[in-house]
Amino acid sequence: MPALIMFRSLTYAQRAARSLQRQGIPADITKAPQGTTDKGCTYCVRVADQRLSSSLNALRNEGIEHGRILQQSGSEYREVRL
Amino acid sequence: MIYLDSAATSLLKPKSVGLAMEHALRTMASPSRGGYSAAMDAAETVYACREAAAALFHCESEQVVFTMNATHALNLAIHALVKPGMRILISGYEHNAVLRPLIAASADVVVARSPLFDRAAALEAFRSRMGECDAVVCTHVSNVFGFVLPIEEIAAECKRQGVPLIVDASQSAGALPIDLKALDCAFIAMPGHKGLMGPQGTGILLCNHATLPLLHGGTGSDSRRRTMPELLPERLEAGTVNVPGIAGLLEGLRYIQLTGLERIRLQEQSLLCFFEGCVRDSGAKIFFSAAPEAQHAVLSLIPGNGNCEQLAESLGRAGIAVRSGLHCAPLAHETAGTSESGTVRFSFSPLLTEKDVGEAGRKTKEILKNNYSL
């Protein structure tokens, strides 16, 4: 199941995805699923569930801020509390 | 035609620029809007261009804001920094793209005048007036004379005195090193369609200071918010960006990266000196500096009879494209004492050959010597 890391803008999502890819973590960009954000249009970086922890560490090391983190559970998304 | 008007726009471009634009026109949708592949391809291209510019100018990709041209970028920078009544120090070589927005912002404009090609005097002119001013706007290279102002030293002095600096890199981007981190200035504005080899309708503003939008509208993010997002670059990019233009600009940046700034600089420098040698002793007044660090890629001259328009017209008929007049920079002419006549400007591209430039030089000299006919 994928995890979604949300960003405040597409540019930041792109920067994050590029950074993860450079560090060997497969990541792609997708629009936030319906009902997961109250900010309107939002983009997320999608990573494999088991790479979430290393992804967040990598982003922290690069100084890239992110928003909420969601994990897919069936057809629903639940927020991951860090 | 031999094109010697690259200071206006780079008509000579790598072939990949046009191909990338055509590809974008056919296949790319609006970036930062949809999530389907044509929209994401556009977003990827736009981001790749941000990254390429960030690498060339030593900044983060989100500090790269796409604009319509350098004038748009300068207007954004001045809008963010200048309030009515502020004292703004500028060089004596500024373009109307600096002067007019400052006047429109009701700034009190102070000119740091210094003689042509005298870099030490230019620095001293800034240093001596900076303390009484709220901000500095300075061109890196004069679009009329090719005079290279000592921008690194001026930036260091601005930093020392705590005065924000806007750099107009219209004539230097893509040929001379520009480092936002090292300069640590507020903004750097540049066109995409000159030294960066992109198409017309593209420009870049590098941001290192709080910004204020000039245009308000959709950005594809934070959509519920009634005001523009706080984050760059979206904050300054209302509406759909020029994706085909940015795709072309990306190829221009790749050409620069592959060729190397130093090689481009040396090629342009060499063509400038070669051309000056060709037109020397033609009876024209030539604005040329023997110090290579003081002049880059642009050479102005005034024919013996002072009729610049006539010379440009004759050159045009002979297949040589140059610009005559004031070059949208009346201040530079006031400083250099050429306001009455203007000048004929020859400007060089790294894609020109010595053969082309030699032929242009020979014809120019013949026209000057033979009373404007070949």
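Residues numbered from 1 in each chain as written. Chains lettered and ligands numbered in written order. Predicted model: local features only at pLDDT ≥ 70, side-chain atom pairs only at ≥ 80, totals over all residues.

*Asks:* Break down the overall build of chain A for me, citing the residues and quoting the values.
*Replies:* When you go through chain A residue by residue, the secondary structure sums to two helices and five strands. Secondary structure elements in chain A, listed N-terminal to C-terminal, are β-α-β-β-α-β-β. Its C-alpha atoms give chain A principal-axis dimensions of roughly 30 × 25 × 20 Å. Among the 82 residues that make up chain A, the fraction classed as buried is 38%. The contacts of chain A with a sequence gap of at least 6 include a subset with a gap of at least 24, amounting to 64%. (Helix = DSSP H or I, 4+ residues; strand = E, 2+ residues; numbered from the N terminus. Buried ≥ 20, exposed ≤ 12 C-beta atoms within 10 Å, placed from the backbone. Contact = placed C-beta atoms within 7 Å.)

*Asks:* Report on the packing of helix H1 (residues 15-27) of chain B against helix H8 (residues 243-259) of chain B, specifying residues and quantitative values.
*Replies:* All names here are of chain B. Closest axis-to-axis distance for the H1/H8 pair is 8 Å, and the angle between their directions is 150 degrees. Put simply, H1 runs roughly antiparallel to H8. Like other packed secondary-structure pairs, H1 and H8 cross with a definite hand, here right-handed. Contacts from Ser16, Val17, Ala20, Met21, His23, Ala24 and Leu25 in H1 reach Val243, Pro244, Ala247, Gly248, Leu250, Glu251 and Gly252 in H8. Its residues assigned to classes, the contact of H1 with H8 shows nine nonpolar, four polar and one charged. (Axes fitted to C-alpha atoms, helices over the stretch in contact; angles between N-to-C directions. Parallel < 35°, antiparallel > 145°, perpendicular 65-115°, else oblique. Left-handed = near helix turned anticlockwise from the far one by under 90°. Nonpolar A, V, L, I, M, F, W, Y, C, P; charged D, E, K, R; others polar.)

*Asks:* Describe the environment of Arg254 of chain B, with residues and values.
*Replies:* Residues and elements named next belong to chain B. Structurally, Arg254 can be placed in helix H8. For Arg254, a count of 18 C-beta atoms within 10 Å puts it in the partly exposed group. Sequence spacing of Arg254 and Leu56 is 198 residues, and the spatial spacing of their C-alpha atoms is 9.8 Å.

*Asks:* Please give an account of the domain arrangement of chain B that cites residues and values.
*Replies:* All names here are of chain B. Splitting chain B by domain gives domain 1 (2-11 + 261-369) and domain 2 (15-259). Of the residues lining the interface, 31 residues belong to domain 1; the matching set on domain 2 comes to 32 residues. Those elements giving two or more residues to the side of domain 1 that touches domain 2 turn out to be helix H9 (261-279), strand S10 (298-302), helix H11 (330-336) and strand S13 (343-347). A class-by-class count of the residues in the side of domain 1 that touches domain 2 yields 15 nonpolar, 11 polar and five charged. (Domains from an automatic or database assignment.)

*Asks:* Mind laying out unusual backbone geometry, listing which residues take part and the relevant values?
*Replies:* All names here are of chain B. The omega angle of the peptide bond from Leu232 to Pro233 is 0 degrees, so this bond is cis rather than trans. Tracing the sequence through the fold places Pro233 in the loop between strand S8 (203-207) and H8. Notably, Ser32 is not glycine yet its phi reads approximately 60 degrees, a positive angle. With respect to the helices and strands, Ser32 occurs in the loop between H1 and helix H2 (37-57). In this structure, Asp222 is a non-glycine residue whose phi angle is positive, near 50 degrees.

*Asks:* Please set out the nonpolar core residue by residue, giving values where relevant.
*Replies:* Membership of the largest hydrophobic core comes to 147 residues, with the highest contact counts inside it found for Val45 of chain A together with Ala77, Val136, Ile166, Ile188, Ala189 and Leu205 of chain B. The element best represented in this core is H2 of chain B, accounting for 10 residues. Three or more residues apiece are contributed to this core by two domains, here domain 1 (2-11 + 261-369) and domain 2 (15-259) of chain B. With near-sequence residues (within four places) excluded, Leu205 of chain B lies in contact with Val65, Thr67, Ala73, Leu76, Ala77, Phe187, Ala189 and Leu236 of chain B. (Core = buried A, V, L, I, M, F, W, Y, C linked by C-beta atoms within 7 Å.)

*Asks:* Which residues make up H1 of chain B, and what values go with them?
*Replies:* All names here are of chain B. With 13 residues, H1 should cover 18 Å at 1.5 Å per step; its first-to-last C-alpha distance of 19 Å lies within 8% of that length. Among all positions in H1, only Val17, Ala20, Met21 and Ala24 are buried. All buried residues of H1 lie within an arc of 100 degrees about the axis, which places them on one face of the element. Every exposed residue of H1 that faces more than 90 degrees away from the buried side is listed here: Lys15 and Arg26. The inward-facing, buried residues of H1 abut H2 and H8. (Expected span 1.5 Å × (residues − 1). Arc of directions from axis to C-beta.)

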